[in-house]
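Fold and geometry: a report
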Amino acid sequence: MFNPSTFKSGPDGITCRDVIETLMAYIDGELSPHDRAEIEKHLSICRSCVNYLESYRASVRAAAEAMRSHSPPTPMPDDLVRAILKARNTFDRPDASSPNAPPTP
Amino acid sequence: MLSREEDARDAVQDAFLSAFKSLHTFDGRSQLSTWIHRILINVCLMKLRSRKRRPERPISDFLPTYVEDGHQTVPTPKWPGIDRDEPTLPGKLSEQVRAQFEQLPESHRVVIMLRDIEGLSTEETAAALEITTDAVKIRLHRARQALRALLEPIVLAERESD
Ligand SMILES: [Zn+2]
């Protein structure tokens, strides 16, 4: 995704394209201190990129809220996970219920 | 992932059924939930493919464009009603948010589903979709950008109507 070798700042610093393409890494705190500072310098002078950042975060949150409020298919209950695990053990050792079965290695 | 609720329920049921049927193939190395997710995703994808669907628009249709000096072709306007600390949209827009979400290509929608909605980690998402973590990051960022672009006209129209 973000390739530091393409992140060369011109006389006016980095561009809007640089900021927008590295936005997720910036939000996730995955940028080097230098790149982070470059982004913040740009954000301090570019209203469009600030608007982009804010609306990007709003969109992520809106999607999560809209989808969660809309009853999800079916959450996987813990009981079901346990049942599957239990069933799996039975499948793995089909003769486990037989008293004469040899011990499983 | 599937637009209609009953389809989603069917898919979950089918996924659990095939999970039970293939229990012996579960190797215990992956988290059980990741494993079931993978099956669920495969079942959903199969259903999607089998259903007649309008053609998808490529993700590039929804990504920002730039002029030669790296500025956005169209500067991003401020969205009303959000600020940096609490960036959220009015709940009444939920229906429209879901409708726009459906516009995203399946390959990108599924990544938002797993990462931002189901809360899986990048690694878990990569395992569930059988793609690299880098691919997850690229798709997630593009999907969020595309969703942002799709929501913008709705949010701005909302301001007009207030
Ligand atoms: Zn900018």
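Given the structure is predicted, the values throughout are model-derived calculations rather than measurements.

Attention shifts here to the domain arrangement of chain B. Residues and elements named next belong to chain B. Entries for chain B in the domain assignment read domain 1 (1–52) and domain 2 (57–162). The interface is formed by 8 residues belonging to domain 1 together with 13 residues belonging to domain 2. When domain 1 packs against domain 2, close to 920 Å² is buried across both sides, 64% of that on carbon and sulfur atoms. The tally of links between domain 1 and domain 2 comes to 0 salt bridges. The interface formed by domain 1 and domain 2 contains 0 residue pairs in polar contact (both at pLDDT 80 or more). When grouped by side-chain class, the residues that make up the side of domain 1 that touches domain 2 number 4 nonpolar, 3 polar and 1 charged.

What follows covers the packing of helix H4 (residues 47–69) of chain A against helix H3 (residues 94–101) of chain B. Running from amino to carboxyl end, H4(A) crosses H3(B) at an angle of 105 degrees, the nearest separation of the two axes being 9 Å. For the element pair H4(A) / H3(B), the angle class is roughly perpendicular. Two secondary-structure elements touch here, H4(A) through Ala62(A), Ala63(A), Ala66(A), Met67(A) and Ser69(A) and H3(B) through Ser94(B), Val97(B), Arg98(B) and Phe101(B). When the residues that make up the contact of H4(A) with H3(B) are grouped by side-chain class, the tally is 6 nonpolar, 2 polar and 1 charged.

On to the coordination of the zinc ion, then. All names here are of chain A. Coordination sphere of the zinc ion, protein contribution only: Cys16 (SG), His42 (NE2), Cys46 (SG) and Cys49 (SG), at 2.0 to 2.3 Å. Coordination at the zinc ion is tetrahedral: its 4 donor atoms span angles of 104 to 113 degrees at the metal. When its relative accessible area of 11% is taken as the criterion, Cys46 is described as buried. Residue Cys49 is classed as buried on the basis of its relative accessible area of 1%.

This part covers the confidence of the model for chain B. With 62% of its residues at a pLDDT of 70 or more, chain B has an overall mean of 79. Mean pLDDT across the elements of chain B ranges from a minimum in helix H1 (residues 5–21) of chain B, with 66, to a maximum in helix H6 (residues 133–161) of chain B, with 91.

This part covers the side chain of Arg144(B). One can find Arg144(B) in helix H6. Discounting residues that sit within four places of it in the chain, Arg144(B) has contacts with Met24(A), Tyr56(A), Val60(A), Ile112(B) and Asp116(B).

The next point concerns the side chain of Arg115(B). Among the structural elements, Arg115(B) can be located in helix H4 (residues 106–117). One buried charged side chain, Arg115(B), makes no salt bridge at all; its nearest oppositely charged neighbour is Asp28(A), positioned 4.9 Å away. Among the polar contacts made by the side chain of Arg115(B), one reaches the main-chain carbonyl oxygen of Leu120(B) at a distance of 3.0 Å. Apart from residues no more than four positions distant in its own chain, Arg115(B) is found in contact with Leu120(B), Ser121(B), Thr122(B), Thr125(B), Val136(B) and Leu140(B).

Residue and element names in this part refer to chain A. Over its 13 residues, helix H3 (residues 33–45) extends 19 Å from the first C-alpha to the last, a length consistent with the 18 Å expected when each residue adds 1.5 Å. Residues of H3 that are buried include every one of Asp35, Glu38, Ile39, His42 and Leu43, and no others. The arc that holds the buried residues of H3, viewed along the axis, is 135 degrees, so those residues lie on one side. The exposed set on the far side of H3, more than 90 degrees from its buried face, consists of Pro33, Ser44 and Ile45. Close packing links the buried residues of H3 with helix H1 (16–21), helix H2 (23–27) and H4.

The next subject is the nonpolar core. With 53 residues, the main nonpolar core has Leu43(A), Phe101(B) and Ile112(B) as its most contacted residues. The set of elements that each furnish at least two residues to this core consists of H1, H2, H3 and H4 of chain A together with H3, H4, helix H5 (122–129) and H6 of chain B. If you tally residues by element for this core, the top one is H4(A), at 11 residues. When neighbours within four sequence positions are excluded, Phe101(B) is seen to be in contact with Met67(A), Arg109(B), Ile112(B), Met113(B), Ile117(B) and Leu147(B).

A few words on the packing of H4(B) against H5(B). All names here are of chain B. As a packed pair, H4 and H5 sit with axes 9 Å apart at the nearest point and diverge in direction by 135 degrees. Considering the angle they form, H4 stands oblique to H5. Here H4 runs over H5; the crossing is right-handed. Between H4, through Val110, Val111, Leu114 and Arg115, and H5, the contact on the second element is made entirely by Thr122, Thr125, Ala128 and Leu129.

Here is what the cut-offs are and how they apply
- Residues numbered from 1 in each chain as written.
- Chains lettered and ligands numbered in written order.
- Predicted model: local features only at pLDDT ≥ 70, side-chain atom pairs only at ≥ 80, totals over all residues.
- Heavy atoms only, no water.
- Domains from an automatic or database assignment.
- Contact = heavy atoms within 4.5 Å.
- Buried area = accessible area lost by both parts, 1.4 Å probe.
- Salt bridge = Lys/Arg side-chain N within 4 Å of Asp/Glu carboxyl O.
- Polar contact = N/O pair within 3.5 Å; in protein donor to acceptor, adjacent residues only side chain to side chain.
- Nonpolar A, V, L, I, M, F, W, Y, C, P; charged D, E, K, R; others polar.
- Axes fitted to C-alpha atoms, helices over the stretch in contact; angles between N-to-C directions.
- Helix = DSSP H or I, 4+ residues; strand = E, 2+ residues; numbered from the N terminus.
- Parallel < 35°, antiparallel > 145°, perpendicular 65-115°, else oblique.
- Donors = N, O, S within 2.8 Å, 3.2 Å for Na, K, Ca; no water.
- Tetrahedral: all angles 85-135°; square planar, octahedral: opposite > 155°, others 65-115°.
- Buried < 20%, exposed > 50% of the residue type's maximum accessible area, 1.4 Å probe, protein only.
- pLDDT = per-residue confidence, 0-100.
- Lys, Arg positive; Asp, Glu negative; His and termini not counted.
- Expected span 1.5 Å × (residues − 1).
- Arc of directions from axis to C-beta.
- Core = buried A, V, L, I, M, F, W, Y, C linked by side-chain atoms within 4.5 Å.
- Left-handed = near helix turned anticlockwise from the far one by under 90°.

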